[in-house]
Amino acid sequence: DIGPAAGDWSVGDRVIVPFQISCGACDMCRRGLTNACTAVPAGAAFGLGPHDGIDFGGAFADLVRVPFADHLLLALPDGLTPEQAAGVPDNVSDGFRCVAAHLHRTPGADVLVVGGLAQSVGLYAVAAAVALGARRVHYIDQDSRRLDAADALGATVDNCALADLRATERFPITVDASAADVGRNHALRSTGPCGHCTSVSGGVTSTAALPLQSMYLTGVTYDIGRVHARATAPAVLDLMGTGALDPLAIPHRIVDIDDAADALLEPDIKIVVGAG
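What counts, and where the lines are drawn
- Residues numbered from 1 in each chain as written.
- Predicted model: local features only at pLDDT ≥ 70, side-chain atom pairs only at ≥ 80, totals over all residues.
- Heavy atoms only, no water.
- Axes fitted to C-alpha atoms, helices over the stretch in contact; angles between N-to-C directions.
- Helix = DSSP H or I, 4+ residues; strand = E, 2+ residues; numbered from the N terminus.
- Parallel < 35°, antiparallel > 145°, perpendicular 65-115°, else oblique.
- Contact = heavy atoms within 4.5 Å.
- Nonpolar A, V, L, I, M, F, W, Y, C, P; charged D, E, K, R; others polar.
- Core = buried A, V, L, I, M, F, W, Y, C linked by side-chain atoms within 4.5 Å.
- Buried < 20%, exposed > 50% of the residue type's maximum accessible area, 1.4 Å probe, protein only.
- Polar contact = N/O pair within 3.5 Å; in protein donor to acceptor, adjacent residues only side chain to side chain.
- Salt bridge = Lys/Arg side-chain N within 4 Å of Asp/Glu carboxyl O.

**Concerning the packing of helix α4 (residues 88-97) against helix α10 (residues 229-241)**
- At their nearest, the axes of α4 and α10 sit 9 Å apart, and the two run at 80° to each other. Classified by the angle between their axes, α4 and α10 sit roughly perpendicular to one another. Between α4, through V88, P89, V92, S93, F96 and R97, and α10, the contact on the second element is made entirely by A229, T232, A233, A235, V236, L237, L239 and M240.
- Among the residues forming the contact of α4 with α10, the class breakdown is 11 nonpolar, two polar and one charged.

**Here's the deal with the nonpolar core**
- One finds V88, V99, L103, V111, V113, V137 and Y139 to be the most contacted residues of the largest nonpolar core, which totals 44 residues.
- For this core, the secondary-structure elements that each account for two or more residues are α4, α5 (100-105), β3 (111-114), α6 (119-131), β4 (137-141), α7 (144-153), β6 (171-176) and α10.
- The biggest single contributor to this core is α6, with eight residues.
- Excluding anything up to four places from it in sequence, L103 contacts G108, A109, V111, A129, L132, A134 and I173.

**Comments concerning the side chain of N91**
- Relative to the helices and strands, N91 resides in helix α4.
- Among the polar contacts made by the side chain of N91, one reaches the side chain of S120 at a distance of 2.9 Å.
- Those residues within four positions of N91 in sequence are excluded, and the remaining contacts are S120, V121, Y124 and K270.

**Things to note about the pattern of salt bridges**
- Following the criterion strictly, the structure yields 11 salt bridges and no others.
- The salt bridge involving R97 is made with D94; its shortest N-O contact spans 2.7 Å. A residue pair is termed a helical-turn pair when its members lie 3 or 4 positions apart in one helix, as R97 and D94 do in helix α4 at three residues.
- D110 is paired through a salt bridge with R135; the nearest N and O atoms lie 2.7 Å apart. A residue pair is termed long-range when its members are at least 10 positions apart, and D110 in the loop between α5 and β3 and R135 in the loop between α6 and β4 qualify at 25 residues.
- The exposure class of D110 is buried, given its relative accessible area of 11%.
- By sharing partners, the salt bridges in this structure join D110, R135, R136 and E169 into a single network.

Right, here's the structure in full:
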């Protein structure tokens with residue numbers, strides 16, 4: 001159904017919905033910082049429970065109310081399937097933002113991705129870096145399936161336990177998808193002079209020790225924070241439209257929504273839930 005302020009949409013349109021709630025009109029949204037929309041409680045999102053007493057529900061519900069639909073909804077381009085686009089509102093955009101702006105500034109730069117608990121995001125970062133023309137993408141992990149996936153995407157891979165990591169090479173662009181202190185600090189120490197390191201997770205503890213002295217001497221820029229999903233997703237869809245990026249190239253499992261509860265109890269790199 002369509003509300004009176006939903007914009008130029010019709011029943012039956014194919015759309016995707018970024019996981020974060022944003023209005024599109026506040027100063028933060030106009031600056032592209034849609035994760036920090038001031039019209040809704042901080043952290044407001046679908047599927048993540050109440051924020052300041054407001055629960056927007058989630059997409060496993062029979063119905064989802066999408067506020068600010070004139071801004072928040074994104075049309076699914078012709079030629080892309082819902083299964084391909086299912087991760088764009090969240091994890092695919094998260095991996096893309098880790099490398100896209102930096103590769104735009106330094107085309108063809110080498111990229112390091114430290115894999116781990118944020119497993120699909122790390123692989124989406126690999127896929128995006130390859131699609132955007134990185135000269136070399138180096139992927140570190142100890143999980144054989146993720147290593148095989150990164151190799152298939154075009155990365156050079158290094159099977160190495162986090163505890164054994166040693167910074168022997170510097171990269172202008174690094175990504176920490178490990179969600180572990182040692183993985184993050186390896187990415188930071190492996191970031192070259194005036195390079196950029198992005199962490200896609202705040203880690204598993206409330207505080208962390210960073211190698212600030214080496215970061216200071218090297219001039220590292222460290223980015224940490226949730227993706228600005230609504231602002232990022234259109235560029236991801238554009239890249240997918242060229243055929244250079246296909247999220248389904250990442251190991252995944254497509255399940256019917258009736259089987260979603262059981263499927264989510266079985267670990268996998270990415271689970272895509274269909275509508276049945």
